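Descriptive structure summary
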Amino acid sequence: MSNHKKAYLEITNRCNLSCAFCPGTRRVSRSLSDEEFEQLALKLRDWAEYLYFHLMGEPLAHPLLPRFVVRARELGFKPVITTNGTLLGKRADELIAAQPYKISLSLHSFEANDNCIGMDEYIRSCLSFAHGASKAGIITVLRLWNLEGKTDGALNRQNAAIVELMHEAFPCDWQPTRTGFKLGERVFLEWGDKFDWPGLDMPVLSEDGFCYGLRDQVGVLCDGTVVPCCLDGEGVMALGNLFEQSLDEILGSPRAKAIYDGFTAHKCREDLCKRCMRAGYYRNDRE
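Structure report, in brief. These numbers were taken from a predicted model, which means no experiment stands behind them.

Rules behind the numbers
Residues numbered from 1 in each chain as written. Predicted model: local features only at pLDDT ≥ 70, side-chain atom pairs only at ≥ 80, totals over all residues. Heavy atoms only, no water. Buried < 20%, exposed > 50% of the residue type's maximum accessible area, 1.4 Å probe, protein only. Helix = DSSP H or I, 4+ residues; strand = E, 2+ residues; numbered from the N terminus. Arc of directions from axis to C-beta. Contact = heavy atoms within 4.5 Å. Phe/Tyr/Trp six-rings, centres within 6.5 Å; stacked < 30°, edge-to-face > 60°. Lys NZ or Arg CZ within 6 Å of the ring centre and 35° of its normal. Polar contact = N/O pair within 3.5 Å; in protein donor to acceptor, adjacent residues only side chain to side chain. Pairing = 2+ DSSP bridges. 1 Å grid on protein atoms, 1.4 Å probe; cavity = no way out; pocket = protein on both sides within 12 Å on 5 of 7 lines; lining within 4 Å. Points joined across faces, edges and corners; volume = space filled by probe spheres on them. Nonpolar A, V, L, I, M, F, W, Y, C, P; charged D, E, K, R; others polar.

Our focus in this paragraph is helix α1 (residues 34-44). For α1, every residue scored as buried is listed here: Glu36, Phe37, Leu40, Ala41 and Leu44. In a view along the axis of α1, the buried residues occupy a sector of 125°, so they form one face of it. Looking at the packing, one finds that the buried side of α1 touches β1 (6-9), β2 (50-52), α2 (65-74), β9 (217-220) and α7 (247-251).

Here is the structure:
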């Protein structure tokens, strides 16, 4: 498979943190069973190459995560995990043994929960995991998505302390990348601006825009609801239910086609898209 498409399969909408940058969800708390994961993954396998284990929620909070990762590999996916990293101390070994393709650690979670996470212990745990994952052939991305606009590497005091710990753990020369640095074999630091999740209670940003939703990504909430992208955490743009329908049927629905055709014309057809920073970010993109 070489289509590079991504499916975001939310295995749980539960999280062990309450991050200031994350809106959370008002949906009923739920996690996928083994049988449900199998059913949904089988329906996604012919569409997506990469299977992401989140949309909302903390994947490492799901007890069956390692089993899901192994099964995803057996089905031909490249499994990708995004986590706040706070549970790595308990689950690192079994996670590495499951052999995901890539793990992204949202280190900015510390900033949003500094009253309940000790920074040094947390960062050192994440860096130790990155070393172990690298040796096992797993890509690790250390994310600091907390910058205020485009700067010339201007770091706040907290980020500077985190970067210093990274230099201690990875003392070799860092290689610049498009979004940050390569710290070592299969270990990357990725900078990013703070991001506001779209919501219907937010002001409209623009009716013009472009997004890769339904082109190279699709999201599936833990109740089976299919949404166009990974930022529709409440199922506002529900297109159908993958427990009850095929993905082809869902993507062929009038609403899905309207969203896709709208972005082809660089127009946001959905109210949520009109309030999304990403649609503006991609506004000048062309396929």
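Quick look at the packing of aromatic side chains now. By the definition in use, this model includes 7 aromatic pairs. Their ring planes at 55° and their centres at 5.8 Å tell us that Trp174 and Phe181 sit as a pair that is tilted. For Phe181, a relative accessible area of 29% corresponds to the partly exposed category. Centre to centre, the rings of Phe210 and Phe263 are 6.3 Å apart; their planes meet at 75°, and the pair counts as edge-to-face. Residue Phe210 is found in the loop between β8 (187-193) and β9, and its partner Phe263 is found in helix α8 (residues 254-264); the two are separated by 53 residues along the sequence. A relative accessible area of 1% places Phe210 in the buried class. Classification of Phe263 by relative accessible area gives buried; the value is 2%. In textbook terms, an aromatic cluster arises when at least three aromatic residues are bridged by ring pairs, as seen for Phe37, Phe53 and Phe68. When the ring centre of Tyr101 is taken as reference, the NZ or CZ atom of Lys78 above it lies at 5.2 Å. Taking NZ or CZ as reference, Arg215 lies 3.9 Å from the ring centre of Tyr260, over its face.

Tracing the backbone shows Ser253 in the loop between α7 and α8. Judged by its relative accessible area of 14%, Ser253 falls in the buried class. One polar contact links the side chain of Ser253 to the main-chain carbonyl oxygen of Ile250, over a distance of 2.8 Å.

To continue, consider the pairing of strand β7 (residues 180-184). As paired elements, strand β6 (residues 175-176) and β7 share 2 bridges and run antiparallel to each other. Among the inter-strand pairings, Gln175 is bridged to a residue of β7, identified as Lys182. Between β6 and β7, which pair antiparallel and follow one another directly, the connecting turn spans 3 residues. Here 4 bridges tie β7 to β8, and the two strands are oriented antiparallel to one another. The residue bridging Gly184 from the neighbouring strand is Val187, located in β8. Counted along the chain from β7 to the antiparallel partner β8, the turn is 2 residues long, and its residue Arg186 has a positive phi close to 65°.

For the structure shown, the criterion picks out 1 cavity of 30 Å³ or more. Put simply, the largest cavity is a space of about 100 Å³. Classifying every residue of the lining of the largest cavity gives 12 nonpolar, 1 polar and no charged.

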